[in-house]
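# Working through the structure, step by step
Letter by letter, the chains look like this.
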Amino acid sequence: MSMGSVILAQTWESCSIEHGNTAREREKGSFGLFDQIVLTQERRDQCLLIWISHPTKRKKQNEQIRYNTQEEFTDKQSGNMMDECFHEKDYLVSRRIYSNRVFDQVHERQDQEIQSLREQLSRTCGCTDKWAVQKIKGLLPILDWLPKYPVKQWLPSDVVSGVTTGLVCCLQGVAYALLASVAPVYGLYSAFFPILTYFVLGTSRHISVGPFPVTCLMVGSVVLTLAPDEHFLRSVNITNVNETVTDERLMEVDVEAREAQRIMVACTMTVLVGLFQVAMGLMQVGFLVRYLSDPLVGGFTTAAAFHVFISQIKTILSVPTHNHNGFFSFAYTLIDVGRNINQTNTADLIAGLLTIFIVMVVKEINTKFQHKIPVPIPIEVIVTVIASAISHVMDLNSQYGASIVHSLPRGFAPAQPPNIALIGSILGSSFSTAVVGYAVAVSVAKVYAAKHDYTVDGNQELIAFGVSNIFGGCLSSFVASTALSRTAVQESTGGKSQIAGIISALMVMIVILALGPFLQPLQKSVLAGIVIANLKGMFMQISEVPVLWRQNRTDCLIWIATCLASIALGLDVGLLAGLVFEMGTVVVRTQFPSCATLGNVPNTDIYKNMKDYKNIDEIPGIKIFKCKSPIYFANIDYFKEKLRDEVGFDAVRVFKKRNKALKKIHKLIKKGKLQATEDGLVPVASLGVENKAFENEQGPELEEGASQPDSEVKVQVDWMSELPVGMSVPRVHIHSLVVDFSAVSFLDVVAAKSLKLVVKEFIRIGVSVYIAGCDGELVRRMEALSFFDEEVTRDLLFLSVHDAILFIQLETSSGNEQDPLAEKISQLQDDKEPLPFTEDEDLIETYDNQHLAIHGLSN
């Protein structure tokens, strides 16, 4: 607080304690310049007073306010104090010190109800009329929103949006068919059939379902791998005047057979993608897509845009290239383009470059003046119509050798089942494509859902896209997702619901049934130019890299690693590599968590990292250690290392050294070279000079071997001072350790066992351990893992660090604790008495020795 200071019983080391004859003790807290308040407390269940006083409002800094009992703190007196000392932003809190055990007793902790598997199934699968209706509406969202559709308000906007989006869908479908390496007409099918099923099953009102460049390219890479041109070569027939001769030396590609096989591969992959998506939706695992973080998706889509750009260069230049897939395929494609650059078709190059320039310029105008233009200029449609007309009038195919669409037949292709024999070859690629297509679609859907204040069901979206791909795959379509540019057109032109989507499908159907032949003269380089122009948004994601670097370098590395891996290794392998790298960063961040030593802000109950602030005090004799991560098998060793570094000693080594010192002290006492007294250990010989008087006094009895009665002398061994046995024992500067678990979300079995041993290691060298800030769920987890026993009890748990600190200070100030540095040494004269400590140091129970034992068994 900037306007006041919090006083919570201050540090009890500075408190003067007045012991009374009654059960209660009066304690006067000394608060320096602040008001001195006398608190009453009854052992550990005392009430604490938090006093907040604004410095400028204090009128009686040096006065003492005494109350023999807490009841004497009357409303009138408290009112006077508030009038004199309180600021309007100050507050007063009075409560006891809470350990977890006391808090659970006072506030009656409730045990969680554990249901049996049968009860859970009955509750989940119980069928009522209301439950059945909800499930049916969840599976068929159209039953929920269509009856509520406001026709007068939304229908005009949906019609305008549907017509505009439908024209864009037609052209993008034809263009993206080039990426999938199939005939352009199948792009129209892919822009039509998926919309029909999504209209019934989808939960997004704004996305435009259809081909997406990234998924099209992923399908195309599989198509080119399984159906390359080399598999469809045939001998050329040469027709003479009298006969037709087959020349085995000349080969040509059987285009019809190639196209039939390629669409079969694409459709089979599309059906398999849909099956994967439906299966994930039914298993309610849509959350798995959350592992595709924004940096990962950004890097992946940028790499995909790069691959799309490379694949369209050959179409823009109209040069022959081989089909390359796999690692560094882009490099081989560029090499082929460079070798055949002299075969560039000028007409195609000019048409492609003009298309890119015009489309990008007009799109910039649409973006800049989107608030002034009621409907975005459909530049793709305009360019396509003009280019088709010019190509038809000038006969660019015959006169200049331009590559055109050629065949765009009217009507729909007959339905065909997928080829089961291909499934084994496309299984992995289909799964990655299913994940990418869904992730992109849901990301876009959630953007517009947040903008228009409605929700999108991720699992239902999986089912909707899955069914759409299965349905479309059986009707000669390839994988459907959504494109941000097409969805932006649908939303910006006033689209309110999927009614706009179904109208856009009607526009595509009109083109398929009637207008298809008009696009046959269209140059492929124009379609490639439209594809490249629409990649601008994905390429602009590169500008996010400097921002990510400033915000979070780990996320920036994920972006860069995914992008480079996807460029170099291919999209499917690159996505897997990026995902593995992302998971690796999560593991590294939890395996090497941030740990800190906390200090107390004077006169407050606030504890902060000692390295972050100057005006923070470390409480003498107490170390406060905080771990900011879950503790599990992978980071427990790092946790122990950081704890050892922060406390400044190794508890196991301290115990071993003390054990050795006690052995030596015991032997010296038995030999008569060391005297154990109430005041400590007194050497018989000092500085190498024998003590004759002591030797003469004790010698005869020792020589005669007469047994003395066993006597036990309590000896205070001060481990902080130099020992008389000439051994170096690491010094322990603390008597208590508080571990802040407020940022720890869970423990596993290995971590619980190791942490329990760590607590015992500190306890046996006289350091009390307390754990603060544990969440209720974490406490239940610790109980389930058998963390507590007779030595490590639930009494070491406290609600907060400050509760633990106050309890420690009360215990040490009242003298309730035994001196942790005291060691009892039995001065026994009988040699047959067992040693009071372990003979074999290797039997010390530590987590480190468990590792040694395991390695020993394995050798």
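Heads up: these notes are all about the structure in this document. As the structure is a prediction and not an experimental result, all values here were calculated from the model.

Rules of the game
- Residues numbered from 1 in each chain as written.
- Predicted model: local features only at pLDDT ≥ 70, side-chain atom pairs only at ≥ 80, totals over all residues.
- Heavy atoms only, no water.
- Helix = DSSP H or I, 4+ residues; strand = E, 2+ residues; numbered from the N terminus.
- Contact = heavy atoms within 4.5 Å.
- Buried < 20%, exposed > 50% of the residue type's maximum accessible area, 1.4 Å probe, protein only.
- Polar contact = N/O pair within 3.5 Å; in protein donor to acceptor, adjacent residues only side chain to side chain.
- Expected span 1.5 Å × (residues − 1).
- Pairing = 2+ DSSP bridges.
- Phe/Tyr/Trp six-rings, centres within 6.5 Å; stacked < 30°, edge-to-face > 60°.
- Lys NZ or Arg CZ within 6 Å of the ring centre and 35° of its normal.

### A word on the side chain of S429
- Mapped onto the secondary structure, S429 falls in helix α16 (residues 423-451).
- With sequence-adjacent residues up to four places away left out, S429 is seen in contact with V222, M269 and D572.

### Side note on the side chain of Q541
- Note on placement: Q541 falls in the loop between α21 (536-539) and α22 (544-551).
- On the accessibility criterion, Q541 (17% relative accessible area) is buried.
- Among the polar contacts listed, one links the side chain of Q541 to the side chain of T301, at a separation of 2.8 Å.
- Of the polar contacts made by the side chain of Q541, one reaches the backbone oxygen of M538; its length is 3.1 Å.
- In this structure Q541 touches G298, T301, T302 and W559, once residues within four positions along its chain are discounted.

### Things to note about helix α13 (residues 346-368)
- Between the first and last C-alpha of α13 there are 33 Å, a value that for 23 residues agrees with the 33 Å anticipated at 1.5 Å per step.
- All buried positions along α13 are accounted for by A347, D348, A351, G352, T355, I356, V359, V362 and N366.
- The secondary structure elements touched by the buried residues of α13 are α11 (294-317), α14 (379-394), α15 (396-400) and α20 (524-533).
- Measuring from the backbone nitrogen of A347 back to the side-chain oxygen at the start of α13 gives 3.1 Å, which picks out N345 as the cap.

### Here we look at the environment of A651
- Among the structural elements, A651 can be located in helix α26 (residues 651-671).
- Along the backbone, A651 and V758 are 107 residues apart, and their C-alpha atoms lie at a distance of 8.3 Å.
- Non-local contacts of A651, meaning those with residues more than four positions away in its chain, are made with E761, F762 and I765.

### Topic: the sheet that holds strand β18 (residues 736-740)
- Strand order in the open sheet formed by six strands is β13-β12-β14-β18-β19-β20, and the pairing between neighbours is mixed. If you trace the sheet from one side to the other, it starts and ends with β13 (607-609) and β20 (797-798), each paired once.

### What to know about unusual backbone geometry
- Positive phi, close to 60 degrees, is recorded for S181, a residue that is not glycine.
- Turning to its location among the elements, S181 is positioned in the loop between α6 (151-179) and α7 (184-190).
- Under the relative-accessibility criterion, S181 is labelled buried at 13%.
- A positive phi angle, near 65 degrees, is found at S476, a position not held by glycine.
- Mapped onto the elements of the fold, S476 is located in the loop between α17 (458-473) and β11 (481-482).
- Overall, the relative accessible area of 2% leaves S476 in the buried class.

### Focus: helix α10 (residues 255-282)
- With 28 residues, α10 ought to run about 40 Å at 1.5 Å a step, and its terminal C-alpha atoms sit 40 Å apart, in line with that.
- Following α10 by one or two positions, Q284 adopts a phi angle in the positive range, close to 55 degrees.

### A look at the packing of aromatic side chains
- Scanning the entire structure with this criterion turns up 24 aromatic pairs.
- Aromatic side chains F192 and F412 sit 5.4 Å apart centroid to centroid with 35 degrees between the ring planes, which places their arrangement in the tilted category. A residue pair is termed long-range when its members are at least 10 positions apart, and F192 in the loop between α7 and α8 (193-201) and F412 in the loop between α15 and α16 qualify at 220 residues.
- Overall, the relative accessible area of 35% leaves F412 in the partly exposed class.
- The interplanar angle of 75 degrees and the centroid separation of 6.0 Å between the aromatic rings of Y770 and F807 together place this pair among those described as edge-to-face. Of this pair, Y770 sits in strand β19 (residues 768-772) while F807 sits in helix α30 (residues 801-814), placing them 37 residues apart in sequence.
- By relative accessible area, which is 9% here, F807 ends up buried.
- Feature note: the residues Y186, Y189, F192, F193, F412 and F471 constitute an aromatic cluster, connected by ring pairs.
- The aromatic ring of F655 is capped on one face by R764, whose charged end is 4.2 Å from the ring centroid.

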